[in-house]
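Commentary on secondary and tertiary structure
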Amino acid sequence: MLSPPGAATRAVYILWIAMAQVACQEDREKTTALKDLLSRIDLDELMKKDEPPFTFPKTLEEFEYAFNEYGQLRHIKTGEPFVFNAREDLHRWNQKRYEALGEIITQYVYELLEKQCNMTKAILPVDAAEGEPTSFIYLSSDALSNPSKLLVLIQGSGVVRAGQWARRLIINQDLDSGTQIPFINRAMEEGYGVMVLNPNENYLEVEKRALSTPTTSPNEASDEPAEKRERKDDKEGKKKREFYEKYRNPQKETETERIPVRENGSSEEHVLYVWDHFVSKAAAKNVFIVAHSYGGLSFVELMNQREMEVKNRVCAVALTDSAHNIWLQETSKGTQDWMQQHCCNWVSSPELLDTPLEPMLPDCPRVSAGTEKHELTSWTSLRSVFKFFGEALNAREGEEAEESASAVTTRSSSLKSKHQDL
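Reading guide: rules and limits
Residues numbered from 1 in each chain as written. Predicted model: local features only at pLDDT ≥ 70, side-chain atom pairs only at ≥ 80, totals over all residues. Heavy atoms only, no water. Pairing = 2+ DSSP bridges. Helix = DSSP H or I, 4+ residues; strand = E, 2+ residues; numbered from the N terminus. Contact = heavy atoms within 4.5 Å. Axes fitted to C-alpha atoms, helices over the stretch in contact; angles between N-to-C directions. Core = buried A, V, L, I, M, F, W, Y, C linked by side-chain atoms within 4.5 Å. Buried < 20%, exposed > 50% of the residue type's maximum accessible area, 1.4 Å probe, protein only. Domains from an automatic or database assignment. 1 Å grid on protein atoms, 1.4 Å probe; cavity = no way out; pocket = protein on both sides within 12 Å on 5 of 7 lines; lining within 4 Å. Points joined across faces, edges and corners; volume = space filled by probe spheres on them. Nonpolar A, V, L, I, M, F, W, Y, C, P; charged D, E, K, R; others polar. Expected span 1.5 Å × (residues − 1). Phe/Tyr/Trp six-rings, centres within 6.5 Å; stacked < 30°, edge-to-face > 60°. Lys NZ or Arg CZ within 6 Å of the ring centre and 35° of its normal. Parallel < 35°, antiparallel > 145°, perpendicular 65-115°, else oblique. Left-handed = near helix turned anticlockwise from the far one by under 90°.

An unreviewed UniProt entry lists the protein under the name Cotranscriptional regulator FAM172A homolog isoform X3, with Betta splendens as the source organism.

Here it is in structure tokens:
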């Protein structure tokens, strides 16, 4: 006897549901297995597989690179620019190699400051005890004695050290665009004393001491029978060994901790310390400042802390793509008004160099640096910066001359009046 059509349809439907449930169950089991596998896979660790050791050359010559006559870093044999991806699929190793080269570049720039620019180090803190973490700045021979003009250079944050605007530019473009040396040379030619600050050299990095792991008795560790726990540990250990069989254990980096330099533990502290112990004691009547990126924020913080001193000594400030914010830094109305008159910010922009731009905050005029690259703004605005300084100095000297003449006239009138009275 044939089943009614409705019954047959229901049977097929029930069969389809059962098959679907089985398939779903299988998918769930596969998904669960996949999740379990992925949970045991550390993708970062897999990226480190088969890494060569983190041992890199200590000099440019050993790296087989050198700066040519144009200040460009080139391979000694091929003449090609620096190649970041020296080994494919080894990003961490390539990055470590790049950082090792960067440390060599830092020392190379220090040598240029000392040998080419004839600058000397001044250790910070000035009263550092033996063995205490220290930093330093660079001074021209007349930085403290020049009676007329002093230029102070403050770079941004990050890996850059004294004498650098941007490490990437030094390595991939040239020394002129990436270092402060063109500013130093131009300043010395125009009769400035020069101070090169070092706001990122603010800690001593030391290796962390290994912490001793307290031993625990089996009874403290678990209530499981010892034999069962040992079998479980062996099983888990075998799984791990099998899983990592294709991948050798990646090399571990040394864990370090940072000990801050006293009173120089941040860019803001460093700029304030140098002001108090060097700039304020310099003989120069007129102080000029170039501050890039985070250096601009540190300068504004200096104004917040030493407002009247800065107003009395500083003639003009050139900011290059500054990171300051007068609202977040809670600057006074007096500081904002002073910045309107004595500061200018050359910012990254597609507009032509020195094109006036709309102000974002009521602090100081903004003009184009003639480049859209943040790290290039100091280099591209160099000539405009020194022109700005020259105009500011002429304006100040003109005001002082007028004040002096007015004072002489007043004294003369006073003496004449007294003579007539007599």
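On to the sheet that holds strand β12 (residues 356-357), then. Ordered in space as β3-β4-β6-β5-β9-β10-β11-β13-β12, the nine strands form an open sheet in which the pairing is mixed. Strands with a single pairing partner mark the edges of an open sheet, and in this sheet they are β3 (120-124) and β12. As paired strands, strand β4 (residues 135-139) and strand β6 (residues 193-196) are joined by two bridges and run antiparallel to one another. When the sheet's bridge partners are listed, Leu-139 is paired in β6 with Met-195. Strand contacts of helix α10 (residues 267-277): β3, β4, β5 (149-154), β6 and β10 (314-320), with the helix running at about 110° to β3, the strand carrying the most contacts.

Now for the nonpolar core. With 52 residues, the main nonpolar core has Leu-151, Val-290 and Phe-389 as its most contacted residues. Per-element accounting of this core gives the leading share, 10 residues, to helix α4 (residues 91-116). When residues of this core are assigned to domains, at least three map to each of domain 1 (48-117) and domain 2 (118-205 + 259-405). Setting aside its immediate chain neighbours within four residues, Val-290 contacts Leu-151, Val-152, Leu-153, Ile-154, Trp-165, Phe-183, Ala-318, Val-385 and Phe-389. Core analysis: the next-biggest nonpolar cluster, separate from the first, contains 35 residues, Leu-150, Trp-275, Met-339 and Leu-361 among them.

Leu-124 connects to Pro-125 through a cis peptide bond whose omega is -10°. Tracing the sequence through the fold places Pro-125 in the loop between β3 and β4. A positive phi is found at Ser-293, a non-glycine position, where the angle reads about 55°. By the secondary structure assignment, Ser-293 is in the loop between β9 (286-292) and α11 (294-305).

Taken as a whole, the largest pocket spans an internal volume of roughly 1,400 Å³. If you go around the largest pocket, you meet 40 residues; those closest to its centre are Glu-99, Glu-103, Val-159, Arg-167 and Glu-205. Those elements that place two or more of their residues in the lining of the largest pocket are α4, α5 (167-172), β7 (203-207) and β8 (256-260). At 10 residues, α4 tops the list of elements feeding residues into the lining of the largest pocket. Taken together, the residues of the lining of the largest pocket break down into 13 nonpolar, 15 polar and 12 charged. In this structure, the second largest pocket is lined by Cys-315, Ala-316, Gln-341, His-342, Phe-388, Glu-391, Ala-392, Ala-395, Arg-396, Glu-399, Glu-400 and Glu-403.

The end-to-end C-alpha separation of α11 is 17 Å, in line with the 16 Å expected for 12 residues at 1.5 Å each. Of the residues making up α11, those classed as buried are Gly-295, Gly-296, Leu-297, Ser-298, Phe-299, Val-300, Leu-302 and Met-303.

As a further point, take the packing of aromatic side chains. Inspection of every chain in the model, using the stated rule, returns 17 aromatic pairs. Taking 6.0 Å as the distance between ring centres and 40° as the angle between the ring planes, the aromatic pair formed by Phe-388 and Phe-389 counts as tilted. Take Phe-389: its relative accessible area is 0%, and that puts it in the buried class. These aromatic residues form a ring-pair network of at least three members: Trp-165, Phe-183, Tyr-192, Phe-288, Trp-346, Phe-386, Phe-388 and Phe-389. The ring of Trp-93 is capped by Arg-87, whose NZ or CZ atom sits 4.8 Å from the centre of that ring. Positioned above the aromatic ring of Tyr-110 is the side chain of Lys-121, whose terminal nitrogen or guanidinium carbon lies 5.6 Å from the ring centre.

Here the focus is the packing of α10 against α11. A packed helix pair is summarised by two numbers, namely the angle formed by the two axes and the spacing between the axes. Two numbers describe how α10 lies on α11: the axes approach to 9 Å, and their chain directions differ by 55°. Regarding the angle of α10 to α11, the classification is oblique. As α10 packs across α11, the resulting crossing turns out to be right-handed. When α10 is examined against α11, the residues Ser-267, Glu-268, Val-271, Leu-272 and Trp-275 are found in contact with a partner set consisting of Tyr-294, Leu-297, Ser-298, Glu-301, Leu-302 and Gln-305. Each residue belonging to the contact of α10 with α11 can be placed in one class, and the counts come to six nonpolar, three polar and two charged.

Running from amino to carboxyl end, α11 crosses helix α13 (residues 333-342) at an angle of 130°, the nearest separation of the two axes being 10 Å. Taken as axis vectors, α11 and α13 run oblique relative to one another. For the pair α11 and α13, the sense of crossing is right-handed. Only Thr-335, Trp-338 and Met-339 of α13 make contact with α11, whose side of the interface consists of Phe-299, Val-300 and Met-303. Residues of the contact of α11 with α13, tallied by class, amount to five nonpolar, one polar and no charged.

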